[in-house]
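The chain contents come next:
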Amino acid sequence: MTAGWTYSKAGVNIDKKSSSIGSLVDELKFRRSGFGQMVHKSGLFASLIDFGDRYVTLATDGVGTKLLIAEELGIWDTIGIDCIAMNVNDTICVNAEPISFVDYIAIDKPDDDLTKQVGIGLNKGAEMSNMEIVGGEIAVLPEMVNGLDLSGTCMGVVDKDKIITGETCQKGDLIVALKSSGLHSNGLTLARKVVEANNIKLTDSVPGLTQSIGKELLTPTEIYVKQVLDITAKHEVHGLVDITGGGLRNILRMAKGLKYTIDDPIKPAPIFNILQELGNIDNQEIYQTLNMSMGFTIIAPADEAEAIARENSNAKVVGRVEEGNGVYFAPEKLTYDHY
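Along each chain, residues carry numbers from 1 onward, in the same order as the chain's sequence is written. At least 70 in pLDDT is required for a residue's local features to be given in this predicted model, at least 80 for side-chain atom pairs to be given and counted, and no such filter applies to totals for whole chains, interfaces and linings, which use all residues. Computation of side-chain values: all heavy atoms of the structure, hydrogens and water removed.

A few words now on the side chain of Asp103. Under the DSSP-based scheme used, a helix requires at least four consecutive residues in state H or I and a strand at least two consecutive residues in state E, with every element numbered from the N terminus. The topology assignment puts Asp103 in strand E4 (residues 97–107). No salt bridge is formed by the buried Asp103; the nearest opposite charge belongs to Lys116, separated by 16 Å. The residues contacting Asp103, other than those within four sequence positions of it, are Leu122, Ile133, Gly135, Gly136, Glu137, Ser151 and Gly152. A simple rule labels every residue: compare its accessible area, found with a 1.4 Å probe on the protein chains alone, to the largest value its type can have, and call it buried under 20%, exposed over 50%, or partly exposed in between. Only four residue types enter the tally: Lys and Arg on the positive side, Asp and Glu on the negative side, with His and both chain ends excluded. The term salt bridge refers to a pairing of a side-chain nitrogen on Lys or Arg with a carboxyl oxygen on Asp or Glu at a separation within 4 Å. Note on contacts: a residue pair qualifies if any of its non-hydrogen atoms lie within 4.5 Å across the two residues.

The structure is reproduced here in structure tokens:
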């Protein structure tokens with residue numbers, strides 16, 4: 001049997017990426033004094049800046065190689081939603097409300113129609129997040145860029161007494177997952193390579209899907225802002241996790257010295273099973289690369305978690321917090337012990 005596809009084989013080694021991040025961060029030694037200092041907490045999805053009675057948050061991210069799918073299909077009016085979503089979904093992981101956004105477009109040559117289509121998606125994502133786009137930049141870089149790259153930065157705000165960092169997660173808590181809309185904007189390099197290796201065109205229909213595989217992969221990332229902030233306003237919540245790059249390994253950002261066991265997951269949507277079968281991707285790999293239909297997780301006391309699941313049609317109690325260490329995916333006996 002041909003060896004299965006991995007994210008590393010597709011060109012993205014998440015462990016080496018983490019090492020590169022570490023080598024960069026090691027050089028960022030300057031510390032501001034006085035008002036506006038950064039709050040030094042590890043594992044957060046958004047950075048915290050001390051602003052008196054509140055924290056201001058900053059998060060930055062891009063759309064990634066999902067842009068190549070948009071380019072091949074000629075569909076550009078949804079990727080702006082992805083750009084917003086990837087940032088605001090990280091912002092809410094500390095219970096901050098996204099309030100402002102700036103975008104950055106790098107393009108090989110000016111194209112009015114293309115940037116208009118990108119703007120349609122950015123505006124829709126901003127509306128869905130109740131957040132204003134206050135500025136941005138378009139850089140024309142013909143010697144550096146072939147096509148278009150899109151990223152952005154989100155600013156949020158949270159009262160200090162409402163911050164959620166995952167540090168209060170404890171034995172007995174339950175894990176609630178919110179269903180994803182699809183792959184979101186992670187793991188598309190792997191997905192694209194698997195599709196190409198099987199001589200499938202993005203415009204092709206694939207059994208099990210209701211639209212072409214390209215349109216399925218282009219499905220915009222779910223924006224969880226209103227839902228999650230409504231939940232945290234009503235319920236005690238100990239941890240919030242955006243299941244993006246790293247898959248289930250993201251849960252390791254929560255309190256250490258605990259075992260986060262997923263024993264009753266949301267059933268993966270057909271696209272995940274199709275990619276896994278086409279690419280002969282093993283379970284250990286796919287659950288640390290793709291969200292597998294669990295796009296966001298909420299860790300809360302048992303009674304609160306059960307109420308959250310009852311009140312939200314896209315939510316399900318999928319696991320529990322126990323004594324131990326790491327993330328354990330019980331159905332496939334998978335263990336993840338480092339982020």
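There is more to say, and it comes next.
Looking now at the nonpolar core. Ranked by size, the top nonpolar core spans 91 residues in total, and within it Ile79, Leu148, Leu217 and Tyr260 carry the most contacts. Of all the elements, helix H4 (residues 79–91) adds the most residues to this core, at 6 residues. When near neighbours in sequence (up to four residues on either side) are disregarded, Leu217 contacts Lys66, Ile69, Leu183, Leu188, Ala191, Val195, Leu202, Ile271 and Leu275. Nonpolar cores are built from buried Ala, Val, Leu, Ile, Met, Phe, Trp, Tyr and Cys residues. Side-chain atoms within 4.5 Å join them into one set. Ranked by size, the runner-up nonpolar core spans 9 residues in total, among them Leu44, Ala46, Val94 and Val158.

Now for the side chain of Asn89. If you trace the backbone, Asn89 turns up in helix H4. Residue Asn89 is classed as buried on the basis of its relative accessible area of 1%. One polar contact links the side chain of Asn89 to the main-chain amide nitrogen of Tyr224, over a distance of 3.1 Å. Polar contact criterion, stated in full: a pair of N or O atoms within 3.5 Å, where within protein one must be able to donate a hydrogen and the other to accept it, and residues adjacent in sequence count only if both atoms are side-chain atoms.

Once that is clear, we can look at the sheet that holds strand E10 (residues 294–300). Being paired, for any two strands, means DSSP has found at least two bridges between them. Strands sit in the order E8-E10-E7-E11-E9-E12-E13 across an open sheet of 7 strands; the sheet is mixed. Looking at the sheet topology across the chains shown, the edges are occupied by strand E8 (239–242) and strand E13 (334–336). On average, each strand axis in the sheet is inclined to that of its neighbour by 25°, with strand direction left out of account. In this sheet, strand E11 (residues 315–323) lies alongside strand E7 (residues 174–179) in antiparallel orientation, the contact comprising 5 bridges. Each residue of the ladder has a partner; that of Val176, found in E11, is Val317. Throughout, an axis means a line fitted to C-alpha atoms (over the contacting stretch in the case of helices), and angles, computed between N-to-C directions, take values from 0 to 180 degrees. Lying on the sheet, helix H11 (residues 302–311) is in contact with E7, E10 and E11; it crosses E11 at an angle near 165°.

Right, let's get into the pairing of E11. Here 5 bridges tie strand E9 (residues 258–262) to E11, and the two strands are oriented antiparallel to one another. Looking at the pairing, Tyr260 lines up with Val321 of E11.

What the 6 strands build is an open sheet, ordered E1-E2-E3-E6-E4-E5; its pairing is mixed. Each having just a single partner strand, strand E1 (38–39) and strand E5 (132–140) make up the two edges of the open sheet. One ladder, built from 2 bridges, connects E1 with strand E2 (residues 47–51); its direction is antiparallel. The residue of E2 that forms the bridge with Met38 is Ile49.

With that settled, consider the pattern of salt bridges. Per the counting criterion, the structure on display carries 11 salt bridges. Here Lys41 ties to Glu167 by a salt bridge, and the two come within 3.5 Å at their closest N and O atoms. With Lys41 in the loop between E1 and E2 and Glu167 in the loop between strand E6 (148–159) and E7, this residue pair connects regions lying 126 residues apart in the sequence. Judged by relative accessible area, Lys41 falls into the partly exposed class, the value being 33%. Take Glu167: its relative accessible area is 53%, and that puts it in the exposed class. Across the salt bridge formed by Glu311 and Lys234, the nearest N and O atoms sit 3.3 Å from each other.

Turning our eyes to something else, we now look at the packing of helix H6 (residues 188–197) against helix H9 (residues 270–279). It is at 9 Å that the axes of H6 and H9 come closest, and there the two elements cross at 60°. As far as their axial angle goes, H9 and H6 are oblique. As H6 runs across H9, the sense of the crossing is left-handed. Here H6 contributes Ala191, Val194 and Val195 to the contact with H9, which in turn contributes Leu275, Leu278 and Gly279. Residues that form the contact of H6 with H9 fall into these classes: 5 nonpolar, 1 polar and no charged. Throughout this description, any angle smaller than 35 degrees is read as roughly parallel, any larger than 145 degrees as roughly antiparallel, any in the 65 to 115 degree range as roughly perpendicular, and the remainder as oblique. By definition, turning the near helix anticlockwise from the far helix through less than a right angle yields a left-handed crossing, and turning it clockwise yields a right-handed one. Amino acids are sorted into nonpolar (Ala, Val, Leu, Ile, Met, Phe, Trp, Tyr, Cys and Pro), charged (Asp, Glu, Lys and Arg) and polar (every other residue, Gly among them).

For the rest of this paragraph, the subject is the state of the cysteines. One covalent bond between the sulfur atoms of two cysteine residues makes up a disulfide. The disulfide criterion is simple: two cysteine sulfur atoms within 2.5 Å. Per the counting criterion, the structure on display carries 0 disulfides. No disulfide involves Cys93; its sulfur sits 12 Å from the nearest other cysteine sulfur, which is in Cys154. Relative accessible area serves as the criterion here: at 4%, Cys93 is assigned to the buried category. With no disulfide of its own, Cys154 lies closest to Cys83 among cysteine sulfurs, the gap being 10 Å.

Aromatic rings from Phe, Tyr and Trp, taking only the six-membered ring of Trp, are treated as a pair when their centres fall within 6.5 Å; an angle between ring planes under 30 degrees marks them as stacked, one over 60 as edge-to-face, and anything in between as tilted. Applying the stated criterion across every chain yields a total of 3 aromatic pairs. Measuring from centroid to centroid gives 4.8 Å for Phe35 and Phe51, while their planes differ by 55°, and the two rings are tilted. In this pair, Phe35 sits in the loop between helix H2 (14–25) and E1 while Phe51 sits in strand E2, placing the two residues 16 residues apart along the sequence. Given the relative accessible area of 40%, Phe51 is considered partly exposed. When the ring of Tyr287 is compared with that of Phe329, the centres are 4.2 Å apart and the planes differ by 35°; the resulting orientation is tilted. Of the two residues, Tyr287 is situated in the loop between helix H10 (283–286) and E10 and Phe329 in strand E12 (residues 326–329); the sequence distance between them amounts to 42 residues. Here Tyr287 and Phe329 have matching classes, each one buried. The criterion is that NZ of a Lys, or CZ of an Arg, lies within 6 Å of the ring centre and within 35 degrees of the ring normal, and then a charge sits over that ring. Here the basic side chain of Lys9 rests over the ring of Trp5, its NZ or CZ set 4.6 Å away from the ring centre. Over the face of the ring belonging to Phe45 we find Arg253, whose NZ or CZ atom lies 4.0 Å from the ring centre.

In short, shape yes, function no, at least from these values alone.
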